[in-house]
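# Analysis of the macromolecular model
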Amino acid sequence: MKKRPLKKPHYLNVFSNNAYIQAINQLIRYTNNMQPGQEENIISSKPFKIAIIGLGYVGLPLAIEFAKKYDVLGFDINQERVTELSEGSDRTKEASIEDLKHVIELKKSSDVGLKFSFDVAALKEYNTFIVTVPTPINQFKAPDLTPLIKASEMLGKILKKGDLVIYESTVYPGCTEEDCVPVLEKTSGLKFNTDFFAGYSPERINPGDKINTLTKIKKVTSGSTPAIAERVDQLYRSIITAGTHKASSLKVAEASKAIENAQRDVNISFVNELALIFDRMNIDTNDVLDAAGTKWNFLKYKPGLVGGHCIGVDPYYLAHKAESLGYHPQVILSGRRVNDNMGMFVANKVVKLMINKEQKIAGAKALILGIAFKENCPDIRNTRVVDIYFELKQFGIDVEIHDPWADAAEVKHEYSIDIVKDINNKYDAIILAVAHNQYETLDFNSLKRDEKSVIFDTKSIVDRSLIDARL
Ligand SMILES: NC(=O)c1ccc[n+]([C@@H]2O[C@H](COP(=O)([O-])OP(=O)(O)OC[C@H]3O[C@@H](n4cnc5c(N)ncnc54)[C@H](O)[C@@H]3O)[C@@H](O)[C@H]2O)c1
């Protein structure tokens, strides 16, 4: 493309054209902390060769989309995962297997497409690294940056001049520049914003949602200099059909993701608190929400368990950052407390309902339907269904969990619980915990031991005439 000539404003006529252009370039270099000519090299640099670091729920769909247009390496430290993906199978069920196989084949016969590796040396051929590793919390609910720091250390070892590292993992504002970039600088010996650059583009996918998929969700992008922000934005624009939003800085992009999830968490905590209040008044919360929802500006949130590694985790990242700056967040953390106690409330409510029907509690048999943290996906990370399970167990109740999506071995490994894949018993209490599609047509009456059996619906999907209570 032909460059547009730089036009000098008339009030700067005291300078020659050349002097004017040189001064502008110097200004760009100065604000971006670059060497002469470098900003030009980076902006119009080589084609993107992309390596995705971490091939989970976020990394795999991203690798597949980029691989339709670019040369992509999918990298993960989990060798089993790399082998599984290389063979065209995906246990997260997030990616289209057809697409996965297509991009693997594409790579065999062209410059674009996807291949996989767990060998760090394979990363050396690439110039754009997108980090999608987990960002969990530890037992004290503080951010655990170990995977992010380890991935940065690894990248630092293979980083070259002109490379770009984009983080997608959910973090607190400032994490990329304050925690990750120093590790990249230290291990690579290169200088940030001179030798290598950074971007941050938070992921917004919703596991299990086959409608709002990666390319259909507007993506926030950012870069460590204005020119790099444009380059990062250009990269994502090339695959996201819903478009992009270029944020003004890495911190703004990081903060935007943190507050999206914190806002949802706080809103759900409000309706969860209403559920706790209305339970004492014998009012059905969903009936109240339906009535209030007829006003145009009433926000339609539903009560429920808040699990998973996003909404139930990310607010702690924001809170951690706020506390490090001397501010103790009240709304954010009170929302977390309410939501974290909902499993215990459900279990206690079920026991009260059983006692009201004169059931013997110790030795009773209960069935929990669903353990995944949300419907129609196998993801069991930070599922709050286990709170119901362990609370019921404390009453001496014999509890079974059924889930058609979750992997039994993974549940056993994570929570030491044996889930069942078939329902063969009769139960004194049945709790619908996750709204998997399979449960919409389930014959709930056939699961009851007798008329005293209790049915509790945490998702309001079961016919009202069949249930004893719902959230
Ligand atoms: N799952 C979601 O719906 C979702 C949505 C938006 C944002 N996020 C964020 O995206 C990030 C990734 O989440 P996810 O759900 O994909 O996690 P995941 O656990 O499904 O996948 C992460 C992958 O990274 C790999 N990994 C860990 N350390 C590594 C390292 N040092 N080098 C290379 N690979 C490494 C793991 O083996 C795993 O395969 C998190 O920060 C999460 O909060 C997730």
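Bear in mind that the values here come from a model prediction, so they are computed numbers and not experimental data. (Residues numbered from 1 in each chain as written. Predicted model: local features only at pLDDT ≥ 70, side-chain atom pairs only at ≥ 80, totals over all residues. Heavy atoms only, no water.)

## Quick word on the site of the ligand
The full set close to the ligand counts 25 residues, and Val58, Asp76, Thr135, Thr170 and Pro207 are the nearest of them. Tyr57 places a polar main-chain atom, nitrogen or oxygen, 3.1 Å from an oxygen atom of the ligand. Between Thr170 and the ligand, the recorded distance is 2.9 Å, taken from a backbone N or O atom to an oxygen atom. About the coverage of the ligand: the protein hides 90% of its 830 Å² of free accessible area. In the shell around the ligand, the residues fall into 13 nonpolar, eight polar and four charged. (Near = heavy atom within 4 Å. Polar contact = N/O pair within 3.5 Å; in protein donor to acceptor, adjacent residues only side chain to side chain. Areas by Shrake-Rupley, 256 points an atom, 1.4 Å probe, with all protein chains shown as cover. Nonpolar A, V, L, I, M, F, W, Y, C, P; charged D, E, K, R; others polar.)

## Examining the packing of aromatic side chains
What the rule picks out here adds up to six aromatic pairs. Aromatic pair Phe48 and Tyr70: ring centres 5.8 Å apart, planes at 90°, arrangement edge-to-face. On the criterion of sequence distance, the pair formed by Phe48 in the loop between helix H2 (38-43) and strand E1 (49-53) and Tyr70 in the loop between helix H3 (59-67) and strand E2 (71-75) is long-range, its members being 22 residues apart. One exposure class covers both Phe48 and Tyr70, and it is buried. (Phe/Tyr/Trp six-rings, centres within 6.5 Å; stacked < 30°, edge-to-face > 60°. Helix = DSSP H or I, 4+ residues; strand = E, 2+ residues; numbered from the N terminus. Buried < 20%, exposed > 50% of the residue type's maximum accessible area, 1.4 Å probe, protein only.)

## Let's talk about a nonpolar patch on the surface
Nonpolar side chains collect at one region of the surface, where Ile277, Met281 and Ile283 lie side by side and expose about 260 Å² of accessible area between them. Position of Met281 relative to the elements: it lies in the loop between helix H9 (250-280) and helix H10 (285-292). For Met281, a relative accessible area of 48% puts it in the partly exposed group. (Patch = residues over 30% accessible without salt bridge, like charges linked within 9 Å, V, L, I, M, F, W, Y side chains within 5 Å. Salt bridge = Lys/Arg side-chain N within 4 Å of Asp/Glu carboxyl O.)

## Remarks on the pattern of salt bridges
Pairing between side chains of opposite charge can happen when the charged atoms of each approach one another. Counted by the stated rule, this structure contains 35 salt bridges. Residue Lys49 is joined to Asp71 by a salt bridge in which the shortest nitrogen-to-oxygen separation is 2.5 Å. Of this pair, Lys49 sits in strand E1 while Asp71 is found in strand E2, placing the two residues 22 residues apart along the sequence. Residues Asp428 and Arg449 are paired through a salt bridge, measuring 2.7 Å at the closest nitrogen-oxygen approach. Remark: Arg449 occurs in the loop between strand E11 (429-432) and strand E12 (454-457) and Asp428 occurs in the loop between helix H15 (408-415) and E11; sequence separation between them is 21 residues. For Asp428, a relative accessible area of 9% translates into the label buried. The exposure class of Arg449 is partly exposed, given its relative accessible area of 43%. Via salt bridges that share partners, Glu80, Arg81, Glu84, Asp90 and Arg91 belong to a single interconnected network.

## A short note on the sheet that holds E12
Here we have five strands laid out as an open sheet, ordered E10-E9-E11-E12-E13, and parallel in their pairing. The open sheet terminates on both sides in strands that have one partner only, identified here as strand E10 (398-402) and strand E13 (469-470). In this structure, strand E9 (residues 365-369) lies alongside E11, joined through four bridges in parallel fashion. By the bridge assignment for E11, Leu369 is matched with Leu432. Contacting E11, E12 and E13, helix H13 (residues 342-356) crosses the sheet at an angle of about 155° to E12. (Pairing = 2+ DSSP bridges. Contact = heavy atoms within 4.5 Å. Axes fitted to C-alpha atoms, helices over the stretch in contact; angles between N-to-C directions.)

## Here's the deal with the nonpolar core
With 36 residues, the main nonpolar core has Ile368, Ile371 and Leu392 as its most contacted residues. Those elements that place two or more of their residues in this core are H13, E9, helix H14 (385-394), E10, H15, E11 and E12. Counting residues per element, this core draws most heavily on H13, which supplies eight residues. The contact partners of Leu392, leaving out residues within four places of it in the chain, are Ala347, Val351, Ala366, Ile368, Ile397, Val399 and Ile431. Residues Leu123, Ala151, Leu190 and Tyr317 belong to the second largest nonpolar core, which totals 35 residues. (Core = buried A, V, L, I, M, F, W, Y, C linked by side-chain atoms within 4.5 Å.)

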